[in-house]
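Chain and residue survey
So the chains spell out like this:
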There are 2 protein chains.
Amino acid sequence: MVELETPQLNSIFHALGDATRRSMLQVLAEGERTVSQLAEPFDMSLAAASKHIKVLENAGLIRREVRWRTHVCHLEPSPLATAHDWLGHYENFWTNRLDILDRLLRDEDERAANSKKGNDK
Amino acid sequence: MVELETPQLNSIFHALGDATRRSMLQVLAEGERTVSQLAEPFDMSLAAASKHIKVLENAGLIRREVRWRTHVCHLEPSPLATAHDWLGHYENFWTNRLDILDRLLRDEDERAANSKKGNDK
DNA sequence: TTCTAATTCAACCATATTGTTGAATGTAGT
DNA sequence: ACTACATTCAACAATATGGTTGAATTAGAA
């Protein structure tokens, strides 16, 4: 049950790997925005911004509601939660230093027993 | 203090956006591994795996210790924590539904006050 | 119908990414 | 000096990504 959601994670992390898109998400955290509102802060064509928005949409990070002739986007938090959960799987490694030490020592033992066992004591 | 770490996040999220690399991190969570050990499960050349490892290394997600003639890699948790923190910034959106409702309402008000104020009451 | 606005589509270009293969590097053992 | 091993480097190819511009779409307003 560890890596079943691989394809989702690919698109989610890929979408997050671009500063423009992360910035768009931050704006959307303050409330819904139209495509042109999302595009406005960036020094790029509307078509380019539209592509970024589509990447976010394909990753499931935002949803779009076609309202009148404008497309209103809003944050969809569940993929963020999925990514957050995946990272949380590693939480012990940065919070509980004893845990990582324990793992490293356990691994040392294993390797020592496996390869050469002449140097101990 | 919200988006100061942008360049790091670019490389971190980009590195995480590939299933091969995430899989390598999962193996490294069990203990250190050499380059060839990391490459072994994958149906690709050693050179290709070496490139993946370099991507992880450049993102700071792993560190490498040249031990004898083998390169031993181990997990470096801090960038994972950075990414986790960034995502945690959105935690309210998937845990506390009241919060998101609050935000949306606040935004509604703001927008209503800003554009046309003829429809209220 | 025609005008205008918001957005996408299509074609294109430059660069990045991911993979390949074969040669090069560095180091220990013989 | 030679061999064997672990890894990287270099050159190349295929595909993906991120940007551009100009035309197409869509739908209300005049």
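Residues numbered from 1 in each chain as written. Chains lettered and ligands numbered in written order. Predicted model: local features only at pLDDT ≥ 70, side-chain atom pairs only at ≥ 80, totals over all residues. Heavy atoms only, no water.

Chain A is annotated in an unreviewed UniProt entry as Metalloregulator ArsR/SmtB family transcription factor from Sneathiella chungangensis.

1. Regarding the relation of the copies chain A and chain B
Two copies of a chain can be linked by a rotation about an axis combined with a shift along that same axis. By a simple turn and slide, chain A fits onto chain B: the slide is 0.0 Å along the axis, the RMSD is 0.0 Å, and the turn is 180 degrees. As the rotation angle and translation indicate, the two copies are arranged about a two-fold axis. Counting the interface residues of chain A, we find that 97% of their copies in chain B are interface residues as well, pointing to one common contact surface. (Least-squares fit on C-alpha atoms with pLDDT ≥ 70 in both. Contact = heavy atoms within 4.5 Å.)

2. Some thoughts on the protein's contact with DNA strand D
In the vicinity of DNA strand D lie 22 residues, with Lys51 and His52 of chain A together with Ser36, Ser50 and Arg64 of chain B positioned nearest. Here DNA strand D approaches the protein such that, of its atoms within 4 Å, sugar and phosphate make up 69%. Taking Lys51 of chain A, its side chain carries an N or O atom lying 2.4 Å from a base oxygen of DNA strand D. A distance of 3.1 Å separates a phosphate oxygen of DNA strand D from a polar atom in the backbone of Val35 of chain B. For the surface near DNA strand D, the secondary structure elements donating two or more residues are helix 4 (46–58) of chain A together with helix 3 (35–39), helix 4 (46–58) and strand 3 (70–75) of chain B. In terms of residue count, the dominant contributor to the surface near DNA strand D is helix 4 of chain B (five residues). (Near = heavy atom within 4 Å. Polar contact = N/O pair within 3.5 Å; in protein donor to acceptor, adjacent residues only side chain to side chain. Helix = DSSP H or I, 4+ residues; strand = E, 2+ residues; numbered from the N terminus.)

3. Some words on the sheet that holds strand 3 of chain B
Strand pairing within a sheet occurs via backbone hydrogen bonds; the two strands may be parallel or antiparallel. Residues and elements named next belong to chain B. Strand order across the open sheet formed by three strands is 1-3-2, with antiparallel pairing between neighbours. One side of each edge strand has no neighbouring strand; the edge strands of this open sheet are strand 1 (33–34) and strand 2 (62–67). With six bridges connecting them, strand 2 and strand 3 associate as antiparallel partners. In the sheet register, Ile62 faces strand 3, and the bridge partner there is Leu75. (Pairing = 2+ DSSP bridges.)

4. Quick word on the pattern of salt bridges
Per the stated rule, a full pass over the model turns up eight salt bridges over all chains. Arg33 of chain A is the salt-bridge partner of Glu30 of chain A, the closest N and O atoms lying 3.7 Å from each other. The closest approach of N and O atoms between Glu76 of chain B and Arg63 of chain B, which form a salt bridge, is 3.1 Å. Here Arg63 of chain B lies in strand 2 and Glu76 of chain B lies in the loop between strand 3 and helix 5 (78–88), a separation of 13 residues in the sequence. Beyond isolated ion pairs, a larger network of salt bridges with shared partners links Glu32, Glu65 and Arg67 of chain B. (Salt bridge = Lys/Arg side-chain N within 4 Å of Asp/Glu carboxyl O.)

5. Brief notes about the protein's contact with DNA strand C
Surrounding DNA strand C, one finds 22 residues, the nearest of these being Ser36, Ser50 and Arg64 of chain A together with His52 and Trp68 of chain B. Within 4 Å of the protein, the contacting atoms of DNA strand C are 71% sugar and phosphate, with bases supplying the remainder. Arg21 of chain B places a polar side-chain atom, nitrogen or oxygen, 3.2 Å from a phosphate oxygen of DNA strand C. In this structure, Lys51 of chain B approaches DNA strand C through a side-chain N or O atom, which is 2.5 Å from a base oxygen. Breaking the surface near DNA strand C down by element, the ones donating at least two residues are helix 3 (35–39), helix 4 and strand 3 (70–75) of chain A together with helix 4 of chain B. Looking at which element gives the most residues to the surface near DNA strand C, the answer is helix 4 of chain A, with five residues. Considering only residue class, the surface near DNA strand C consists of seven nonpolar, seven polar and eight charged. (Nonpolar A, V, L, I, M, F, W, Y, C, P; charged D, E, K, R; others polar.)

6. A closer look at the sheet that holds strand 2 (residues 62–67) of chain A
All names here are of chain A. Taken in spatial order, the three strands of this open sheet run 1-3-2, and their pairing is antiparallel. Taken across any chain shown, the strands that pair with only one partner, and hence form the sheet edges, are strand 1 (33–34) and strand 2. Across the sheet, helix 2 (residues 19–28) touches strand 1, strand 2 and strand 3, and the angle it forms with strand 3 is around 90 degrees. (Axes fitted to C-alpha atoms, helices over the stretch in contact; angles between N-to-C directions.)

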